[in-house]
Amino acid sequence: MTSLDPAPAAAAQSIDLSRATVNLPWMAGVGALVLAALFLLLYAYRRRLYISEWMLGWLCLAAALFLLSRDFASARATDAAIGVAQFLVICGGLLFVVSVDSFRQRPYVHRLYFVGLLPLFIWFTLAPIALGSWSALVPGHLIAAGALAAAGVGYLALVRQTKLLGASVVGATFLLVAALNVWLSLAFSGLSASSSMQLLAGMALLYILAGFGMHLMVFEDMTYELRGANRHLESAQADLRQLVITDPLTGCYNRRFFHEVIGREVQRRRRYRMPLSVLFVDVDRLKVVNDSLGHEAGDRLLQLVATFLLHNIREADYVFRWGGDEFLALISCTEREAVRKAIELQARFARTPEIAGLPPGVGLSVGCSEFQENVDDPMQVVRLADERMYRDKTREKQALGSGL
């Protein structure tokens, strides 16, 4: 079609399309309606605002295509239908723009902006009747191209934040559809009916690809949300696990965790022939601190001892609060090395500045014992270290008494 008058050319194109053997606008409208129905089902399942905006956008496109597929009795009715169809396409494009903000939950486009659609509605319904279909086709394709380009850029920007493959598909197809709309607006008067059908067929295929990308985005979003929920669940389980195995006052492992790991540690020692010893530590004169300074001071002393042990025992080893004023350290060394370590800990703790204001005699009593090959019950080793700790505590009391 090579008519120089834009209005008859546009009308002829629309009539040829609606009377074609294969009614392409009607078929495309059915496809858009099917996509809208699928998004309605997805919305019933996911309850996401962006899905409802996709559904409304596809409904607008379906309504526009059904209008273009009809054969009207008069040229004015055809022009009016073209104008309303163009307005519906613009509405669909704007809904796709808004859906980007709804997906990332950061609204940049306010819903009140849609009030500006009222003058557009008046123009696209009245101008084609008075001026011809070109007054709706040219600005309609350009405005729709702008809306779809904005939506395409928004979805491609979304890819940088979410790494969603579906967003890249939607963004790229919207940009291509926007380019086709610009082409149609600039060259519609010189296009034949067959060329227009080819362009519209290509546009329909791109829209179908965009719909596929939207469905992919929904499932990717579900997967992303599920992964996030799993990470939160794992974090909560780790926190709960930490609460179960940790003493709340001192931050050391508790007695429950000792019984959990001791069997594994003994087996590892036997397998790799590694030495394993126990340090049984008791805080001297904690009762005196509680009676004279209060239980809060006693708690602070226990926390001080726990921090001291954790800082002076390797991270590969274990420090447990055994109960009350007693601590237990499980360290990878021989008994002789454990004795040297115990003497070193006692001397360092005695020089700790924080105990300067506490009653005389506050310190550590330590007993040591090593796991031997013929020991089957780990508690035998713990009891032996406990007995040696009490002998050490007795010597400390005797030394304190002689000093006084």
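Higher on the page you've got the structure.
Residues numbered from 1 in each chain as written. Predicted model: local features only at pLDDT ≥ 70, side-chain atom pairs only at ≥ 80, totals over all residues. Heavy atoms only, no water.

A. Inspection of the overall build of the chain at higher detail. In terms of regular secondary structure, the chain is built from 13 helices and four strands. By the burial criterion, 47% of the 404 residues in the chain qualify as buried. Residue pairs at least 24 apart in sequence account for 72% of intrachain contacts in the chain once pairs closer than 6 positions are excluded. Carbon and sulfur atoms make up 62% of the accessible area of the chain, which totals about 21100 Å². (Helix = DSSP H or I, 4+ residues; strand = E, 2+ residues; numbered from the N terminus. Buried < 20%, exposed > 50% of the residue type's maximum accessible area, 1.4 Å probe, protein only. Contact = heavy atoms within 4.5 Å. Areas by Shrake-Rupley, 256 points an atom, 1.4 Å probe, with all protein chains shown as cover.)

B. Just empty space enclosed by the protein, in detail. On inspection of all chains with the given rule, the structure shows two cavities of 30 Å³ or more. Surrounding the second largest cavity, Glu-265, Arg-268, Arg-269, Met-274, Pro-275, Leu-276 and Ser-332 form its lining. Looking at the lining of the second largest cavity residue by residue, the classes come out as three nonpolar, one polar and three charged. (1 Å grid on protein atoms, 1.4 Å probe; cavity = no way out; pocket = protein on both sides within 12 Å on 5 of 7 lines; lining within 4 Å. Points joined across faces, edges and corners; volume = space filled by probe spheres on them. Nonpolar A, V, L, I, M, F, W, Y, C, P; charged D, E, K, R; others polar.)

C. Fine view of the state of the cysteines. Inspection of the entire model under this criterion finds zero disulfides. Cysteine Cys-60 is unpaired, with the sulfur of Cys-91 as its nearest cysteine sulfur at 5.3 Å. Given a relative accessible area of 16%, Cys-60 falls into the buried group. (Disulfide = S-S within 2.5 Å.)

D. Fine view of the sheet that holds strand β1 (residues 277-284). On the basis of which strands lie adjacent, the open sheet formed by four strands has the order β2-β3-β1-β4 and antiparallel pairing. A strand with exactly one partner marks an edge of an open sheet, and here the two such strands are β2 (318-323) and β4 (363-370). Neighbour-to-neighbour, the strand axes of this sheet turn through a mean angle of 25°, independent of strand direction. Of the strand pairs in this sheet, β1 and strand β3 (residues 326-331) are connected by six bridges, and their pairing is antiparallel. Bridged to Val-281 within β3 is Phe-327. The strands touched by helix α12 (residues 335-350) within the sheet are β1, β3 and β4, with β4 carrying the most contacts at an inclination of about 175°. (Pairing = 2+ DSSP bridges. Axes fitted to C-alpha atoms, helices over the stretch in contact; angles between N-to-C directions.)

E. Summary view of the nonpolar core. Residues Phe-39, Trp-54, Trp-58, Phe-96, Tyr-155, Phe-174 and Met-217 are the most contacted members of the largest nonpolar core, which totals 51 residues. Broken down by secondary-structure element, the contributors of at least two residues to this core are α2 (24-46), α3 (49-69), α4 (75-104), α5 (117-131), α6 (134-162), α7 (165-187) and α8 (193-245). Residues within four places of Trp-54 in sequence aside, it is in contact with Phe-39, Phe-96, Ser-99, Tyr-155, Met-214, Met-217 and Val-218. The next biggest cluster of nonpolar side chains, apart from the first, holds 30 residues, and it includes Leu-279, Val-289, Leu-304 and Leu-309. (Core = buried A, V, L, I, M, F, W, Y, C linked by side-chain atoms within 4.5 Å.)

Geometric descriptors of this kind do not, in isolation, establish any biological role.
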